[in-house]
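Analysis of the macromolecular model
Take a look at the letters that make up each chain.
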Amino acid sequence: MNKILAKDKVIYAFEPTLEPVITVDQCEVLTIETMDCFADQITPENSDMDGFDWTRVNPATGPVYIRGVKPGDIVRIDILQIQIAGRALMATIPGAGALSKHIVDAERTFLDIVNNHAVLKTGRGELSIPVNPMVGVIGVAPANASIPTGTPDAHGGNMDCRLVTEGSSVYFTAGVEGGLFACGDLHAVMGDGEVLICGAEVAGEVTVRAKVVDSPGLPTPLVENGGLFAVLASAETVDAACELANDMMMEFLTGTVGLEVNDAGRLMTLVGNLRICQVVDPLMTVRFEIPRWVLSDLGFDHIGGQDYICS
Ligand code: CA
Ligand code: ZN
């Protein structure tokens, strides 16, 4: 049985002065329980949001102190498993989200999770949607800032990237000793954009392990998911986030992989994909994906030094 961190230990901002609630060694497996983004306050029995505490939104469980992590280190978080609860929640919030001009009725909708499908009731009947459990909020403490857990930025946070799934790894640059890692805001399923302002919000458990990786200058946050690497860029506008994502992928391909600038540019335009993660949080998040096979064929297989794998 590995270590377990209960979901009553949460933060609402990533900041350097946080007091760690648990310490792990590198490669030590830790299961982190997480509340949904409404801090489990909305249930079918209590769905009218009376007494809803808006200061308790986007809780991230942690912070976790990772032994041996120093400021500036690249830390890889392996997401070994994601388990989600049997019921997810969606909220329409008039005036909020990318569909705000269309949404006038505030509704809470519960979706049962049955056989790895989320069951959505619509006016035309029930729909079973295959789940793709993902972690919405994941990050480390920045060096000199306090960033609410609802905001994405260079430290991670509320990036709402649907590539952050079971089997993926996410790379961060530590701002402080121990990293002070936290995560929460699982979605049973969500599409790129998160246009309504939420996914299928769900409580659950995330099993992770952390490792310092020798890859100085790696642009972060960066996610490795099966067949691809993607850099994650957050900025005030989608345009600015796209420019940052382009810059980060160029930096990855020239700095980390070792390609020349024009070769990197040709690869980025031929086989790279610039995609939106979300457009509804305080900063917009965009990712630039590059397929793994392209880099493998050029002799680049992994990020970091020889002892990068946890055995
Ligand atoms: Ca989120
Ligand atoms: Zn969420």
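Basis of the calculations
- Residues numbered from 1 in each chain as written.
- Chains lettered and ligands numbered in written order.
- Predicted model: local features only at pLDDT ≥ 70, side-chain atom pairs only at ≥ 80, totals over all residues.
- Heavy atoms only, no water.
- Donors = N, O, S within 2.8 Å, 3.2 Å for Na, K, Ca; no water.
- Tetrahedral: all angles 85-135°; square planar, octahedral: opposite > 155°, others 65-115°.
- Helix = DSSP H or I, 4+ residues; strand = E, 2+ residues; numbered from the N terminus.
- Buried < 20%, exposed > 50% of the residue type's maximum accessible area, 1.4 Å probe, protein only.
- Contact = heavy atoms within 4.5 Å.
- Pairing = 2+ DSSP bridges.
- Axes fitted to C-alpha atoms, helices over the stretch in contact; angles between N-to-C directions.
- Core = buried A, V, L, I, M, F, W, Y, C linked by side-chain atoms within 4.5 Å.

1. A short note on the coordination of the zinc ion (ligand 2)
Distances from the zinc ion (ligand 2) to its protein donors, namely D185 (OD), H187 (NE2), E201 (OE) and E201 (OE), fall within the range 1.8 to 2.6 Å. Classification of the site at the zinc ion (ligand 2) rests on its four donor atoms, whose angles at the metal span 54 to 144 degrees, yielding the label irregular. Read from N- to C-terminus, the donor residues coordinating the zinc ion (ligand 2) fall into the pattern D-x1-H-x13-E. Taken as an interatomic distance, the gap from the zinc ion (ligand 2) to the calcium ion (ligand 1) is 3.3 Å; D185 donates to each of them. In this pair, D185 is assigned in strand β17 (residues 179-187) and E201 in strand β18 (residues 201-202), connecting sequence segments 16 residues apart. D185 gets classed as buried once you look at its relative accessible area, which sits at 2%. E201 gets classed as buried once you look at its relative accessible area, which sits at 1%.

2. Details of the environment of C161
With respect to the helices and strands, C161 occurs in the loop between β15 (156-158) and β16 (169-173). Note on C161: relative accessible area 1%, which makes it buried. Sequence-wise, C161 and V212 are 51 residues apart; in three dimensions their C-alpha atoms are separated by 22 Å. Setting aside residues no more than four positions away along its own chain, C161 makes contact with M134, V135, L232, C277 and R287.

3. Topic: the pairing of strand β9 (residues 107-114)
In terms of strand pairing, strand β8 (residues 87-92) meets β9 through six bridges, oriented antiparallel. Each bridged residue has a counterpart across the sheet, and for R87 the counterpart in β9 is D112. Pairing analysis gives three bridges linking β9 to strand β10 (residues 117-122), with the strands arranged antiparallel. Across the sheet, I113 pairs through a bridge with A118, a residue of β10. A loop of two residues connects β9 with β10, the two strands running antiparallel in sequence, and N115 in this loop sits at a positive phi of about 50 degrees.

4. What about the sheet that holds strand β21 (residues 228-235)?
Pairing is mixed across the open sheet formed by nine strands, whose spatial order is β1-β5-β19-β7-β16-β20-β21-β23-β22. Either end of the sheet is taken by a strand with one partner, and the two such strands are β1 (3-5) and β22 (273-278). Pairwise comparison of adjacent strand axes, ignoring direction, gives a mean angle of 30 degrees for this sheet. Pairing analysis gives three bridges linking β16 to strand β20 (residues 222-225), with the strands arranged antiparallel. Residue pairing across strands places S169 opposite E224, the latter belonging to β20. Contacts from helix α2 (residues 261-271) reach β22 and β23 (284-291) within the one sheet, and its direction differs from that of β23 by about 100 degrees.

5. Examining the nonpolar core
The tendency in soluble globular proteins is for nonpolar side chains to be buried side by side. Among the nonpolar cores identified, the biggest contains 46 residues, and V64, I66, I79, V135, I138 and F181 are the most heavily contacted of them. If one sorts the elements of this core by residue count, strand β7 (residues 74-84) sits on top with four residues. In contact with V64, not counting residues within four places along its chain, are L5, I22, V24, L30, I32, G178, L180 and F181. Y171, A264, V294 and L295 belong to the second-largest nonpolar core, a separate cluster that totals 28 residues.

6. Let's talk about the pairing of β21
Of all eight residues in β21, eight are buried, a share of seventy percent or more. Both faces of β21 are covered, namely the face carrying L228, A230, L232 and S234 and the face carrying F229, V231, A233 and A235. Relative to β21, β20 runs antiparallel, the two being bridged by four bridges. Its bridge partner lying in β21, N225 is registered against L228. Between β20 and β21, which pair antiparallel and follow one another directly, the connecting turn spans two residues, one of which, G226, has a positive phi of 55 degrees. Judged from the eight bridges that link them, β21 and β23 form a sheet pairing that is antiparallel. Paired with A230 across the two strands is E289, which belongs to β23.

7. Quick word on the environment of E45
Within the element layout of this structure, E45 appears in the loop between β5 (30-34) and β6 (60-66). For the pair E45 and V195, spaced 150 residues apart in the sequence, the C-alpha separation amounts to 27 Å.

8. Some thoughts on the coordination of the calcium ion (ligand 1)
Distances from the calcium ion (ligand 1) to its protein donors, N158 (OD1), D160 (OD), D160 (OD) and D185 (OD), fall at 2.2 to 2.5 Å. Sequence positions of the donors to the calcium ion (ligand 1) reduce to the motif N-x1-D-x24-D.

So, to be careful, I would describe these as geometric facts and stop short of saying anything about function.
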